[in-house]
Every structure is written in C-alpha cells, then in structure tokens.
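The residues making up each chain are set out below.
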Amino acid sequence: MGSVDLIASCIDSIRQIGDEIADSIVYIDAGTLEAFQFIGGFPLLLELGARAVCSLENASPLNAAADWQSIFSNPPRKIIVLTSRLLSDAHRYILQCLCNHGTVSHCTVLTAISEIGHSAYVDSPLGPDAFREYETLLIQDHDELLKEYEKLDRHKENIHEMASDFTSAVDNYSKWGSGVHYGSNSESSPTKRDFLDDDMGQVEARGRRLSVAVRHFPMIFSPISSRVFVLPSEGIIADSSLSNHHEDSLGPGLPSISTGKPFDSDEVPPGVTLTAQFLYHLANKMDLKLDIFSLGDTSKVIGKLMMDMSSLYDVGRNKRSAGLLIIDRTVDLLTPCFHGDSFLDRMLSSLPRKERMSSNSAAKNPQTPNKHSQGTIKRSPLNIKVPFETIFSKEEPKIRSSVLSEGFMSFASGWNSVDVDSEVSWLPDYADKAHDHVLGCELDTISGSFLSNCAGVHYLEALLDRGAKDGLVLIKKWLVEALQHGKLSSASKGRQGATSVSEIRSMVQMLSRDQLSLLKNRDVIQLALAAEMTLREPQSSRWDAFTSAERILSVTSAETTQSLASELRDFINTSTSVESHTQTTTMESSQGLLSFQDVLLLTIIGYILAGENFPTSIAGGPFSWEDERSIKDVIVDSILERPSSVKLRFLDGLDSELEAKARSKDGKRNKNSSEAALNTDDFDDEWGTWDDSDNTDHQKEEAYGDMQLKLEVRDRVDQLFKFFHKLSSMRLRNQALGEGLAALSRFETDGYSRKGLLYKLILALMSRYDVPGLEYHSSTVGRLFKSGLGRFGLGQSKPTFGDQTVLIVFVLGGINTLEVQEVMAAISESSRPDVELILGGTTLLTPDDMFELMLGSSSFA
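Remember, predicted model here, so these are calculated numbers, not experimental data. (Residues numbered from 1 in each chain as written. Predicted model: local features only at pLDDT ≥ 70, side-chain atom pairs only at ≥ 80, totals over all residues. Heavy atoms only, no water.)

**Comments concerning empty space enclosed by the protein**
Threshold: A cavity, in this analysis, means grid points on a 1 Å lattice covering only the protein atoms where a 1.4 Å probe fits yet has no way out; a pocket is instead an open set bounded by protein on both sides within 12 Å along at least five of seven lines, and a residue lines either one if it has an atom within 4 Å of a point. Grid points are joined across faces, edges and corners, and a volume is the space filled by probe spheres set on the points. Each helix is a run of DSSP H or I of at least 4 residues and each strand a run of E of at least 2, with the numbering of both proceeding from the N terminus.
Under the counting rule described, the total for this entry stands at 12 cavities of 30 Å³ or more. As a volume, the largest cavity reaches approximately 270 Å³. In terms of lining, the largest cavity is formed by 22 residues, of which the most central are V331, D332, E612, R731 and L741. Sort the elements by how many residues they give to the lining of the largest cavity and helix α25 (residues 596-613) lands first, with three residues.

**Things to note about the nonpolar core**
Filter applied, for reference: What makes a nonpolar core is a set of buried Ala, Val, Leu, Ile, Met, Phe, Trp, Tyr and Cys residues whose side-chain atoms join them at distances within 4.5 Å. Here the term buried applies to any residue with accessible area under 20% of the maximum for its type, exposed to any over 50%, and partly exposed to those in between, with areas from a 1.4 Å probe on protein chains only. Residue contacts are counted whenever heavy atoms from the two residues lie within 4.5 Å of one another.
If you look at the biggest cluster of nonpolar residues, it comprises 71 residues, and the most contacted ones within it are L325, I475, L479 and V809. Sorting elements by how many residues they give to this core places helix α30 (residues 757-766) first, with nine residues. For L325, the contacting residues outside a window of four places in its chain are F293, S294, L761, L765, L774, F801, I808, V809 and F810.

**As for the pairing of strand β2 (residues 52-55)**
The criterion, for reference: A pair of strands is treated as paired once DSSP finds two or more bridges between them.
Going residue by residue along β2, you find A52 and C54 tucked away on one face and V53 and S55 left uncovered on the opposite face. As defined by bridge partners, strand β1 (residues 25-28) adjoins β2 across four bridges and the pair is classed as parallel. Directly across from I25, in β2, lies its bridge partner A52.

**A look at a negative patch on the surface**
This is how it is decided: Each patch is assembled from residues with relative accessible area greater than 30% and no salt bridge, linking like charges that lie within 9 Å and nonpolar side chains (Val, Leu, Ile, Met, Phe, Trp, Tyr) that lie within 5 Å. What sets the accessible areas is the Shrake-Rupley method with a 1.4 Å probe; for residues, cover comes only from the shown protein chains. Any carboxyl oxygen of Asp or Glu within 4 Å of a side-chain nitrogen of Lys or Arg constitutes a salt bridge here. Residues scored as charged are limited to Lys and Arg (positive) and Asp and Glu (negative), so that His and the chain ends carry no count. Where a charge lies is defined by one atom per residue type: Lys uses NZ, Arg uses CZ, Asp uses CG and Glu uses CD.
Together, D655, E657, E712 and D715 line one region of the surface with negative charge. Those elements that provide at least two residues to the negative patch are α27 (655-676) and α28 (693-728). Exposure remark for D655: the relative accessible area of 41% places this residue in the partly exposed category.

**Description of the pattern of salt bridges**
This model, assessed by the stated rule, comprises 22 salt bridges. The structure contains a network of salt bridges with shared partners spanning R85, D89 and D239.

**A few points about the sheet that holds strand β10 (residues 774-777)**
A sheet is described by the order of its strands in space; here seven strands give the open sequence β6-β7-β12-β11-β9-β8-β10, paired in mixed fashion. Among the strands making up the open sheet, the edge pair consists of β6 (222-223) and β10. As defined by bridge partners, strand β11 (residues 806-812) adjoins strand β12 (residues 836-841) across six bridges and the pair is classed as parallel. Its bridge partner being in β12, L807 is matched across the sheet by L837.

**Here's the deal with the environment of E503**
Rules: Throughout this description, a polar contact denotes any pair of N or O atoms lying within 3.5 Å of each other; where both atoms belong to protein, one of them has to be capable of donating a hydrogen while the other can accept it, and for residues adjacent in sequence the pair is counted only when both atoms sit in side chains.
Here E503 is to be found in helix α19 (residues 501-511). Taking the C-alpha atoms as reference points, E503 and K476, separated by 27 residues in sequence, lie 8.4 Å from one another. Only 3.2 Å separates the side chain of E503 from the side chain of K476, close enough to count as a polar contact.

**Overview of the packing of α25 against helix α26 (residues 625-641)**
What counts is decided by this rule: Every angle, taken between N-to-C directions, lies between 0 and 180 degrees, and every axis is a line fitted to C-alpha atoms, over only the stretch in contact when it is a helix. Here the angle decides the label: under 35 degrees means roughly parallel, over 145 means roughly antiparallel, 65 to 115 means roughly perpendicular, and every other value means oblique. Crossings are assigned a handedness: left-handed for a near helix turned anticlockwise from the far helix by less than a right angle, right-handed for a clockwise turn. All residues other than Ala, Val, Leu, Ile, Met, Phe, Trp, Tyr, Cys, Pro, Asp, Glu, Lys and Arg, Gly among them, are scored as polar; the first ten of these are nonpolar and the last four charged.
Where α25 contacts α26, the axes come no closer than 12 Å and their chain directions differ by 165 degrees. On the basis of the axis angle, α25 is roughly antiparallel to α26. Regarding α25 and α26, the two cross each other, and that crossing is left-handed. Contact with α25, carried on its side by F596, L600 and Y607, involves E628, I635, S638 and I639 of α26 and no other residues of that element. Residues belonging to the contact of α25 with α26 are distributed by class as follows: five nonpolar, one polar and one charged.

**Topic: the packing of aromatic side chains**
Heads up, the rule is: Here is the rule: rings of Phe, Tyr and Trp (six-membered ring for Trp) pair when centre to centre is within 6.5 Å. Planes less than 30 degrees apart are stacked, more than 60 are edge-to-face, and the remainder are tilted. For a ring to carry a charge above it, either NZ of a lysine or CZ of an arginine must fall within 6 Å of the ring centroid while also lying within 35 degrees of the normal to the ring plane.
Tallied over the entire structure, the rule returns 13 aromatic pairs. Aromatic pair Y607 and F623: ring centres 5.0 Å apart, planes at 75 degrees, arrangement edge-to-face. One end of the pair, Y607, is in helix α25; the other, F623, is in the loop between α25 and α26, with 16 residues separating them in the sequence. Taken together, the ring pairs in this structure connect Y607, F623, F721, F723 and F724 into an aromatic cluster. Over the ring of Y759 we find K755, and its NZ or CZ is 5.0 Å from the ring centre.

So this is what it looks like as structure tokens:
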C-alpha cells in the first residue's frame, strides 16, 4: 500500500463528491474555510465545476453574480453546503442561502458530524435519525418562507417602484457609492431587474418542491502537513467542552486532571464524544484498522467509545493496520507553555489572527437540561493576517508603488483597473495613498492563510522542524530561487553570514515589482512578510525574554524550593508593564518586555516544575508557607499598583472597583504634579486649610475602601494559588501515571535542553518499553480472538504500539509546533525508517493560548 498522506486523503474525499459540486454554488462555513485553505482546496472546487465558492455565514444574494455570464441563460439549480458545525447551528445560515437563490431546487448539506454525534450532543435537538429529521425540518421551514413571500406578493410592485426610485437617487448622488457603479446605462445594471426582481425564479421555486440531501463528510480538518493535522478552530469539535466543571478540571478546552477514577456515562463531555467519532471515521476514510492505546483518564474514555463503535465486519476488509495513541494534554502542560526554538511557533505567536466568524454557542434544546455548557471555548483561528501593505515602503519608486497599490485596491473592489471600460470612472486615484490607513484596511481584507499545499510545494512541512535561524535561512533560500526563476539579481546572492530582516525585505520588494510577479510568488512573499513581522520589535525581544526566564526556572527548579520561589518573586517585581499581550500585539509602546500576564504564565511554569521536582501532599503546595505568602504579596501589590491594566478571569466582579482605584491614582498623580508646580511663597495663604476636617474624612473613607479592595484581591489570589496547587500535584493524583512519567526521564538526552513528553514517549514505545499508565483497548481482531478462538487456547498476545508501521498520535487538547519538531526527531533517532507517524491534536497551541485555556477567557478560573 502507498504511504499515508493527509492532504491527498482530503483532496480525494473532495473529488468523490465532484458530481454534487459540479454546476452548484458551494457554501462553506468558517471551520471548513480554514481546513480548505490548508489543503489548497478552492482551486479544486472550481476545477470540479463549482459556479462559485461563498462564505456560509456571510451569505448574500450577490453570490449568484459570481457566475454572471451564465446566470441568465442557465440559472443555478442547486447549492451545496459544507459545515463543520452541528446542523442546528448552521440551520439559519442554510435557510438564508436558499432564500437568496430563488431558482434553486436541490440542496445538499455535508456535515463533519455524524448522525450518532448529533444525537449524542446534549444541546442538539436532533435524534438518532438526525439527517432525515433535518431534511424534513429544512423543507418545512423553506416552504413556510415561500408562503410568507406569497402573502407579500401583492405589495411587490409598489416595493419595486420605491426601490427603483431609491437606486436612481443613489446613482445620481455618487459615482462610487458602495463600491460598484455600472455607468449611465441603467439597463446594464443587474440590480435593476435581474437580482431585485426575481419573479421567474420564485415562480419556478414555488412550482417544484425543494429536495434536500444530508450526508456525513468527516474529512474536514486542517492538515498542517501531510503528516500533521489539527481540527478547525471554529468547528464544533474544537469548540466543544473536553471537561466538566469540577475540582479536577482546569478549563473547558483542556481534559481534566487524570486521577484514575472512572467516568460516569452521563458525565462524558460533548467534545470527548465528538472527538471519538471523528477519529473513528477518519480511520475508516483512510482504510486503517486500529490498535488503540490511551494515556490519561479522558483519553481512556475516547478509546472505549471507539472500541464500542468498531464492528466485527471490519475484520474482513482490506485495511492497513495502524496504532492509535490518544494522550491527555494535561499529562504534559509544560511543553506548550514553553517558548522553544521553533520558527512556526514564534510566527504564530507574533502574527495577528482573523476574527472568529461563527458563534460558539450551540443551538439549545429547551427540553434538554444543559449540563455541559458551563464554559465557553474561544479557539484562535489559524487564519493569520500577513501585512501585505508593508510591501509599499517609502523607499520604493513612486510609480511602481502607486501602480501596484492601485491594482490591489481595484482587486479588493472586485475589478481589475486594466480591464475596466474607459467610461467607468468611479475608481479614485490611489497614487498618493500607498501608506494611508484606508489602503491598509482594504489590504487587510485580502490577507490570507498559510497554505500547507501551495502549488505542490509543502512550505509548512519544510518549516515544521526548523528553529528560528534555520527557518529564516530556508525562507531566504526560497526567495533567492524565486528571483533566479524570474531572472532577477539579488544583492544578497552568495553572501555568507546570518540573514537579516533588511535582506528579506529587499528581496520581497523585488519579487513584488508588478502584479504578475506578486501573484506568481505570493506564497513565498507571504512567508517572508510573516518572518519579518516575527523578528520585529517588541515581539522578538519578548520571546527571547521568555526563553531566558524559562531556562532560569528550569535550572533553579533542580536546586531548592527557596531559590525557585525567589526567582518567581524577582520576575513579578521586575515586570514594569502589566499590559495584556493583546495590547502588546497592537504595536503600542510597552514599558517592559514581560507583562503581568506573562509573569503569571511563568508562575504556572514554576509551580509545575516544582511539583515535578519536589512532590508534596495534594493539599499543600510545593513551597513553604513563608515563600508562598511572599509570592502572593507581590502579586497582590502588582494588581493594586496598576489596576487599570489588569484584565484577568479570576478578578471578574472587581472591574468597577479596580477602575475606580485607577482613576483615583491618576487623579492623585495629576494633583501632586500641580502642587509641585506651586510657588512656596504661597505657604501662608494655605495656612487656614490645614485643619480641614472634610479633607481628613475623605482620606479615611478612601483608605477604608483601599483596604476593602485589597482584601477582595487577596481572596481572589488565594483562589488562584489553589489552582496552582492543582497544577503542581498532577503527578500525585494518579500513581500509575506518575510512575510512568517518572520512568520516561531516562530518555532525557541533555540536562540543559528539556524534551517534551511526546519525544520521550515515542522513544520508549519504539524501543518497546512498558509505560505504566498506558492502557491498551482491544482492537477488532483482538476481540474476535478473545471471544472465539480464545476458547481453544489460540488467543493472541497483547500488541505494543511500536509494532505497527503506521502510527497515529492524537493529543486531546492540542499540540504545538515544538512537539512536532521533537516527534520527528524521536522517529529519526529510533532507527525505524519504515515507520509513518501522523501527529494530530484538537488545536494548534501557542503559549498565549495555554494561558487563555488555564487563566483567560476560556478557563474555569
């Protein structure tokens, strides 16, 4: 059999639905959009005959105009919807799409969630026969809307006359208007008759009944490379809770801490059930027969669910054997919190992301009690924003800059300025606006996502195992090759030494000299601009400061708890800025490299390290009472010192008090500055105001209020440290798991360079070591032998994960790119070149994402 390729599998799945895509308008939701951007799926949809590819959440009647050449002779008859969410979540958007296209008579809905997944989701109103139920529901709602249209039909002519007068008034008012003007010939405007008045389409739609088909399409995920994948950030699987709110949970986006206690069937979080469904159907689509292993309580539940879904009929099918290892993210929280030497990790942490489009709240069933919706998860979309407007630097010749920027603006407005008819003069002159904010906003709308499959070149796959310096060198190599292909000379060609940002910038400007070259080399230019932004200040210095601080904590944690507590106090005291990282990424000035939020992340790291090196009782923390009290005091003082900048989840409810204190501090600061400017000769004039009792009473009230606020903040900080205690005692809550993690320490290759759990675990399993806490779930073949041939003494021995040549590792809660780099290194060191390893996770994590999941908006704290 051929090698396993995630991108090829996704593309093959799309080709299998080519008949439905042909001659249809394709609508995709935000999660599917992210997945298709990674596989380069949009050209494939057009190749298969799609009329247009449109956003489901932003559906508009003008979507039909994308295929304007045939819309009048051959109007669209069918639409296809691909969604990564529940059908109940996507229903209002699907209904809106059907209303926008009056000639459509057939609708196909492809959802990433199976029928069992819909029925098992507690907030879904659909039952076991979910697809058939939804087909009936959609037809009924569509028919009701058509009846409403018939009621308004008698008023239609009056409405059209008013709309015609209004459109004429708008045309006379402005030649640009909302961005499109069709010239003086009113009959050439499709808004006059063909889109606003769709009598023929509505009559035809009323004459035939809408047919709806709903099917399962599981291959909606984001392959970062052919062997690494995550779930779409705005899909329902990634958005669903992985743990319920109880004493062993950290947040809805992370599995609960493993304690060895079994789950009740009624307490299984929805995200766990949906993940099990996804992994099962993914293996079926890729023709893999799984031996399932798990590490962690929540992963054990997924293994059991997948085992229950397996069928004996899978035995006879021609499937390739594979090993699946599911791991709880909470088994190793340190690795995604660290700022390691990973080029993509730095890039994802530095670049701004696209705003979320879809709501993460599922459609509620009023008859079903909501047990699991106790927390919200806000995953950051992987659609990054690359600042294309930085190409237009002030050093560039004005003619080239103006032509290119005008082309960008024309493209953003839906036109090409070269092909626009001479009579159309609505486009303004952008020659002097290359650096304007308006241009930046327009270019921001066409900033794209990284593509793992760019014209056959897997750029992300090549960067996955690269450090910061090596990644920059590789991007420079690609730029030089692009310049050579375009027969352009580069000043840095053949130059030795470190690659600088100025070199990257000069090569990007040469490649973007005109529209043709920019479009041809857009993928490399995008990566180069992203690398430039990553190395820009203050992002670069902030990352280096984190790396230095984490190295100090790692070394100090091997000494004594007193020295580790002292380092934590010093980090908190020396953080001169408490601005949140979201403010820092807006490129505003910051007084210090690390904010108060950053220091809290370092405190999390310190407590986890202390728990690993100095295990104590579950109730108490790893530090002495005096050391922990001193850390609490400096945190309380830091919050009260700069109250306006502290926006943290554990301080919810104290916002108004902290804002009032911030205003009071600002007022005092202004008053002191004004008093210092007064002349000392006015001393006698102020004599009579010294014994003002009103002023004294006000000061007493203010002091009392400050004391009350300090006590409230201290109570919240005490609760925060109980959370830190949970992190430090994770290994003690499950003895078998703790022993297994301690045994893996033998695979540490360098005392100064810490390796993550996945690296050590892969090495151990490839060497066929027994790992305590690792559970094996019987595969289909194993159950057959156990129930049948096992009666005659012909049972098979327990397999090991390293026996298979195809290995899948899925981390429940997410992975980061540093782990991808380490897993690749572990496979190389195992001397097993025949092994094909696929690494997946709930999402792609950065250190800032980990903070949000534990202490931010997506936490229980």
